[in-house]
Amino acid sequence: MDVGESNERGKDDSALQPSPRSPLSSIDLAVDGAMNASIEQLYHNVCEMESSDDQSPSRASFISYGAESRIDLELRHLVGGDVGGDGGGRKKEIVLEKKKEESNGGGSLSEKKPVESHSNGKKVAKTSPTNPKIPGSRISSRKSPDLGKVTEDEESPELGVLLLKQARELVSSGENLNKALDLALRAVKAFEKSVEGEKQHGLNLVMSLHILAAIYAGLGRYNDAVPVLERSIEIPMIEDGEDHALAKFAGCMQLGDMYGLMGQVENSILLYTAGLEIQRQVLGESDARVGETCRYLAEAHVQAMQFDEASRLCQMALDIHKENGAATTASIEEAADRKLMGLICDAKGDYEVALEHYVLASMAMSSQNHREDVASIDCSIGDAYMSLARFDEAIFAYQKALAVFKQAKGETHSSVASVYVRLADLYNKIGKLRDSKSYCENALKIYLKPTPGTPMEEVATGFIEISAIYQSMTELDQSLKLLRRALKIYGNAPGQQNTVAGIEAQMGVISYMMGNYSEAYNIFKSAISKFRNSGEKKTALFGIALNQMGLACVQRYAINEAADLFEEAKTILEKEYGPYHPDTLAVYSNLAGTYDAMGRLDDAIEILEYVVGTREEKLGTANPEVEDEKQRLAALLKEAGRGRSKRNRALLTLLDNNPEIANGQRPVY
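Within an unreviewed UniProt entry, the label attached to the chain reads Nephrocystin-3-like, and the organism entered is Camelina sativa.

What follows is the structure, encoded as structure tokens:
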């Protein structure tokens, strides 16, 4: 999902490309290296919990996972410890039934970009639910033997842990994931041999399955990882106690992450929701870790553009963290909640409310001397100010963030480039094109030679955002060149099908603007095919792309195909936006012109009468758009019932009154 907004973010998504300073532009796709850290953390937890004398349930661990992606396949959800109740298993059947329907799909990512959040003072792509440790049998942390000399017949549960240790070491070093896979498979077999009648060995098996799935993910074998995680959910029985219930929660969350990697947002949300229900039953409604999971799920809903549900869950997280925090100062968790709430309000167009949340989040971070986190929030504050046309205040906020990032991370860091893009977009909006181009060039210098460790998806996002600015300047060749660079980065990466489709759709719009209608048609055709094959529901983005392809068909005089595309776009946008949204009305208008060209005059008049009435109600009778539509309707009514040569007039009217192309607006993803 890419998720994204147009320049009006939440009000008018008629184009296919988001403004670079969209509230979701802080989202990144950083996945490189995160799995290593996650497996490292899991193994540390396992060894520590099983070699310690303290098996108290109060040994909950609040873990910060550093700079990792929300959708990375990490093992941070393995839980146990501070619990209070057996809970129920009523979500199990729903989870497994849905998952099996699409376990073999490659999915698309509707620009699934994780929202920046904060945990224990460290900036992360998305916070995760807190992970207490599962108490269990003791496993020595002694140095592992040469496991190559151990036959499979001799493998035992004790050796299973050592096998996992070697697998973890190989993953951490990046030396040989295939060898790590072999060791993890052997560990699973070792635990399987003794799992019957031994509940603790069952938990060990679950942990080994989690690591096995992570290795599969590291190898890009997502379809292999899904059944492994499904099994990890089936093994723990809630009636066996708290640890087993929370292990089931862990599997739900990790499988949700896996579906996120595969771009299957709906399944991802379903699994997170089931995990939250289990966690609430076991930990209670007001546990701080439940608050973290609420925020985690809220961010997934943001990525799916489901802002009302995201707002509800984020408010739950905020209430829980306020209840668990200090009476006088806001906690880091509360600050993260408020930043996310600000992003949600920003996306819905509630910019003043968003500012309030951003300022409170900034104050909380500043009170704990988290300068980089404050700088990140300053970028969001600048975004809100720009949406309110308070440009001087936006510039001040951006420059403040820029100074911090340069000092803390260096002048060639991608965070510096992201601020340059925001400033470029701002100066472009106020007509200072020379300044805008200068900031674009500064950002491109960084993105074209990224520092080691910079996620390439972040670079691709930078290219897309700068392309949008050049497109608005009608520097179409440069815009198209940058989109091709972004497309090359994503390539055929798993889970990026919607992202690639969104880029292609934008390339189609640019080709259309350049008059290359056949090329535009072919690009749109490729993008639409990817959207259809994504396995996700038909989103507003898909509807907008259909509308754009319909316009390309009109230019090629493929009127029947254009009508089919406009009709499908109409159905989708009515469902996603409602009948009064500007994007929906634009499709109505295009469909009316197409019906007129096909000789379906009565259908054209019926649609256009609705469009004119709605525009008069929303925009006023003196609005230029209303006047244009009224003239079109008058012409249709005058010619109703008479034979005429309508095709040329209808097609010219349709093209001349197409605001998406005439105004050079850009696609959103």
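Following the structure, the description resumes.
(A) Fine view of unusual backbone geometry. Positive phi, close to 65°, is recorded for Met305, a residue that is not glycine. Of note, Met305 is situated in the loop between α9 (288–303) and α10 (307–324). Note on Met305: relative accessible area 29%, which makes it partly exposed. The backbone of Tyr557 shows a phi angle near 60°, a positive value even though the residue is not glycine. Along the chain, Tyr557 falls in the loop between α21 (540–555) and α22 (559–576).

(B) Layout of the packing of aromatic side chains. Tallied over the entire structure, the rule returns eight aromatic pairs. Aromatic side chains Tyr512 and Tyr517 sit 5.1 Å apart centroid to centroid with 70° between the ring planes, which places their arrangement in the edge-to-face category. Among the aromatic residues, those joined into a cluster by ring pairs are Tyr420, Tyr427 and Tyr439. A cation over an aromatic ring shows up here: Arg556 above the ring of Tyr521, its NZ or CZ 4.1 Å from the ring centre. When the ring centre of Tyr595 is taken as origin, the NZ or CZ atom of Arg600, which lies over that ring, is 3.9 Å away.

(C) Examining the UniProt feature "repeat: TPR" (unreviewed entry) in the chain more closely. With numbering aligned to this structure, UniProt lists the feature "repeat: TPR" (unreviewed entry) at residues 375–408. Secondary structure content for residues 375–408 is 91% helix and 0% strand, and the end C-alpha separation is 10 Å.

(D) Seen up close, the confidence of the model for the chain. Residues with a pLDDT of 70 or more make up 68% of the chain, whose mean pLDDT is 74. The lowest-confidence element of the chain is helix α2 (residues 92–101), averaging 31 in pLDDT; the highest-confidence one is helix α16 (residues 433–448), averaging 97. Contacts for the low-pLDDT stretch residues 659–669, under 50 throughout, to residues beyond four places or in other chains number 57 contacts.

(E) Molecular detail of the packing of helix α11 (residues 332–347) against helix α13 (residues 371–387). Packing of α11 against α13 brings their axes to within 11 Å, and their N-to-C directions diverge by 20°. Looking at the two axes, α11 sits roughly parallel to α13. Regarding α11 and α13, the two cross each other, and that crossing is left-handed. When α11 is examined against α13, the residues Lys339, Leu343 and Asp346 are found in contact with a partner set consisting of Ser376, Ile377, Ser380, Asp383, Ala384 and Ser387. For the contact of α11 with α13, the per-class residue count stands at three nonpolar, three polar and three charged.

(F) Highlighting the packing of α9 against α10. Between α9 and α10, the least distance of the axes is 8 Å, while the angle of their chain directions is 160°. Between α9 and α10, the interaxial angle falls into the category roughly antiparallel. Taken as a pair, α9 and α10 cross one another with a handedness that is left-handed. Contacts from Ala288, Val290, Gly291, Glu292, Cys294, Arg295, Leu297, Ala298, His301 and Val302 in α9 reach Phe307, Glu309, Ala310, Leu313, Cys314, Met316, Ala317, Ile320, His321 and Asn324 in α10. Tallied by class, the residues present in the contact of α9 with α10 amount to 13 nonpolar, four polar and three charged.

About the criteria used
Residues numbered from 1 in each chain as written. Predicted model: local features only at pLDDT ≥ 70, side-chain atom pairs only at ≥ 80, totals over all residues. Heavy atoms only, no water. Helix = DSSP H or I, 4+ residues; strand = E, 2+ residues; numbered from the N terminus. Buried < 20%, exposed > 50% of the residue type's maximum accessible area, 1.4 Å probe, protein only. Phe/Tyr/Trp six-rings, centres within 6.5 Å; stacked < 30°, edge-to-face > 60°. Lys NZ or Arg CZ within 6 Å of the ring centre and 35° of its normal. UniProt positions renumbered as here; feature names shortened; annotations may be inferred. pLDDT = per-residue confidence, 0-100. Contact = heavy atoms within 4.5 Å. Axes fitted to C-alpha atoms, helices over the stretch in contact; angles between N-to-C directions. Parallel < 35°, antiparallel > 145°, perpendicular 65-115°, else oblique. Left-handed = near helix turned anticlockwise from the far one by under 90°. Nonpolar A, V, L, I, M, F, W, Y, C, P; charged D, E, K, R; others polar.

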